[in-house]
Structures are given as C-alpha cells and as structure tokens.
Amino acid sequence: MGQAPVVYGQSDRPPRGDYSRANADYTCAQDYAAYTEADHQTYQRLYERQSALLPGLASQHFIDALPSLGAKERIPRFEEVNERLYKATGWEIVGVPGLIPEVPFFSLLAQRKFPVTDWIRKPEEFEYIVEPDIFHDLFGHVPLLFNPVIADFIQAYGKGGLKAAELGACEMLSRVYWYTIEFGLIRESGGVRAYGAGILSSAGELDYSVNSPEPHRLPLQLARAMRTLYKIDTYQQSYFVIDDMQQLLDFTSTDFAPLYKQLRQLPTIGAKELLPGEQLI
C-alpha cells in the first residue's frame, strides 16, 4: 500500500497528505480520530462564513442541497454523508490523501465515487490554501452531487476522461472541468450565480465572480472552454456561463474525439483573451 504524491502546477513545497495510506486506486479510509478540536472548529468557522455569503451569489440548486451535508458543527463522517447521498443519486464519497492522478480520478468518477481530501487546513490558512482540503471538497463539491443532473454529468465526465486519456486529450478536457465544476456560473434570477466548487468555497471569489466588472463572462461553448487557459493562483479572468444544469448533461452526448482532433490544430486562448465577435454576459 502507498502511492507517490501528486503535484499539479508549480509549488515551492511538497504535497500535503499522507500518501503512504493510499490504496492502489489512491483512496484511503477517513482517519476521523485524527481530527482535533481545532480542526472541527476550523471547519465550523469556514462553513458558517461561507454559507452566510451564498444568498444572491450562489445557485439556488446549491443552496437547496447544502443541508444534505449534515451538521456544520463538526467535520462530517464520510459514511454518514454516504447514507444520504447514495439514496439520493447513487453516489458515494471516498477519502483520498490529496490530489490524485488523472486516470484514477476519472476512474472513480466513472464509478460514481467522488474523491474527497480527508485533511483540513490549519487555522493560519483560514483565508487561503494552495491545495484543496476537506472543506473545499465537501462544501464546494458534494452538495451538487445530490442533484441528479449534476450527478449524471460528473459520472459522464469521468467516463469521457478515460477516453480522453487514451486519446492524449486530458489537458483539453480538464479545462472543461475547470470552467464548469470548479468555476462555473449559471443564469438564474435575472443574472448569474455560481455553481462551481472553487467559487463556492472561496469567500472572495464568490462575490468577484458574480459582481465584479473585471472578469469576462462568456456563454459556455465546449470548443472555447477546451482552448482557454486558466489561472491557478489568482481569481479567474474568464468565466463560462450555462443556461441551466441540463446543458451540462447534454454536452456529454457529443463525441469529443473529432473535436479534440480539430482543436489540436488551433492555438490556445489566453485566460482573459476575447475572440473577435464574442459577446460578454
């Protein structure tokens, strides 16, 4: 047992998380007894702050699903969340020590298993953390797994990811994940609202993504998203907006192989670059 740590992008420090606990598929048991009272207090503070910011900024789909996580006072036990989640959509969450490679990640999603980092940030990292921790994964991602449409979309994404790996197209497909599941916006209530986990778990980017005049907001088109670079160390410079959740699931009926072939002949697009004729939302 045990796997090599995983790093995406550049970092001055080694990855956090005990990868010696990881099974062959990178999953591990949630070591609930290892959480300290300070850990539980950090989770509660993060939950209370972030949930208070949601009205008027987060998708109503997310707000409606958030109570399914359970009590906010302590870090949830994965098995208790799974009792509710499996009944709702047939999904379950599984523990991982941190970031995992693309193919194991896709494989878990294809099996309706969502990997959740089991450690939590330190109190001094309350405002910002480099890697996703249990708060980001649980609060940001898991509520929308109770939504049947999103649940089916993420499984389809996992299956598509396995095909993309065979075609050498993981980078293009990863941009779709980034601009939807992590940093997606949706049209709601006469404006836009956030449904991406990276936004929903960030105090600053939640308001910025919806209200700031600085970033570009564009209608989501698969080819455009697949070509668009993104930032990992700042707020996003471009966001893609869907009309409704069903739009995401409808995308998965597309055969991506010809699209990958076509896009390999085209240059990437900068994170804040606009193409001629594009209209902002």
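Throughout this description, residue numbers start from 1 for each chain and increase along the sequence as written. Reporting of local features is limited, given that this is a predicted model, to residues whose pLDDT is at least 70; pairs of side-chain atoms are given and counted only at 80 or more, and all residues count toward the totals for whole chains, interfaces and linings. Side-chain figures throughout are based on the complete set of non-hydrogen atoms in the structure, without hydrogens or water.

An unreviewed UniProt entry lists the chain under the name Phenylalanine-4-hydroxylase, with Comamonas testosteroni given as the organism. The UniProt entry for the chain carries the following text under Cofactor (unreviewed entry): "Fe(2+)". UniProt positions are given in the numbering used here, feature names are shortened, and annotations may be inferred rather than shown by experiment. Of the chain, the UniProt comment under Pathway (unreviewed entry) reads exactly: "Amino-acid degradation; L-phenylalanine degradation; acetoacetate and fumarate from L-phenylalanine: step 1/6."

Trainee: Explain the nonpolar core to me, please; I cannot follow it from the model alone.
Mentor: Soluble, globular proteins show a tendency: their nonpolar side chains are buried together. By nonpolar core we mean a set of buried residues, namely Ala, Val, Leu, Ile, Met, Phe, Trp, Tyr and Cys, connected to one another through side-chain atoms within 4.5 Å. For the exposure calls, accessible area comes from a 1.4 Å probe over protein chains only, and a residue counts as buried if that area is under 20% of its type's maximum, exposed if over 50%, partly exposed in between. Core analysis: the biggest nonpolar cluster contains 81 residues, and Ile93, Leu138 and Met226 have the highest contact counts within it. Numbering of helices and strands runs from the N terminus; a helix is a DSSP stretch of H or I covering at least four residues, while a strand is a stretch of E covering at least two. The dominant element in this core, judged by the number of residues it contributes, is helix α7 (residues 170-182), at eight residues.

Trainee: How should helix α5 (residues 134-141) be read in this particular structure?
Mentor: Three- or four-residue spacings in an α-helix give side chains the same orientation, since the helix completes a turn every 3.6 residues. Across the eight residues of α5, eight count as buried, placing the element largely inside the fold. By the burial criterion, the buried members of α5 are Ile134, Phe135, His136, Asp137, Leu138, Phe139, Gly140 and His141.

Trainee: In this structure, what is going on with the sheet that holds strand β6 (residues 238-242)? I would like to understand it.
Mentor: One key point about sheets: their strands pair by backbone hydrogen bonds, in either a parallel or an antiparallel sense. Here we have four strands laid out as an open sheet, ordered β4-β3-β6-β5, and mixed in their pairing. One side of each edge strand has no neighbouring strand; the edge strands of this open sheet are β4 (191-194) and β5 (216-219). Pairwise comparison of adjacent strand axes, ignoring direction, gives a mean angle of 40 degrees for this sheet. The pairing criterion is simple: DSSP has to find at least two bridges between the two strands. Alignment of β5 against β6, held across four bridges, turns out to be parallel. The partner of Arg217 across the bridge, within β6, is Tyr239. Should any heavy atoms of two residues lie within 4.5 Å, those residues are considered in contact. A fitted line through C-alpha atoms serves as each axis, taken over the contacting stretch for helices, and the angle formed by two N-to-C directions is quoted from 0 to 180°. Packed on one face of the sheet, helix α9 (residues 203-211) meets β3 (185-188), β4, β5 and β6 and runs near 155 degrees to β4.

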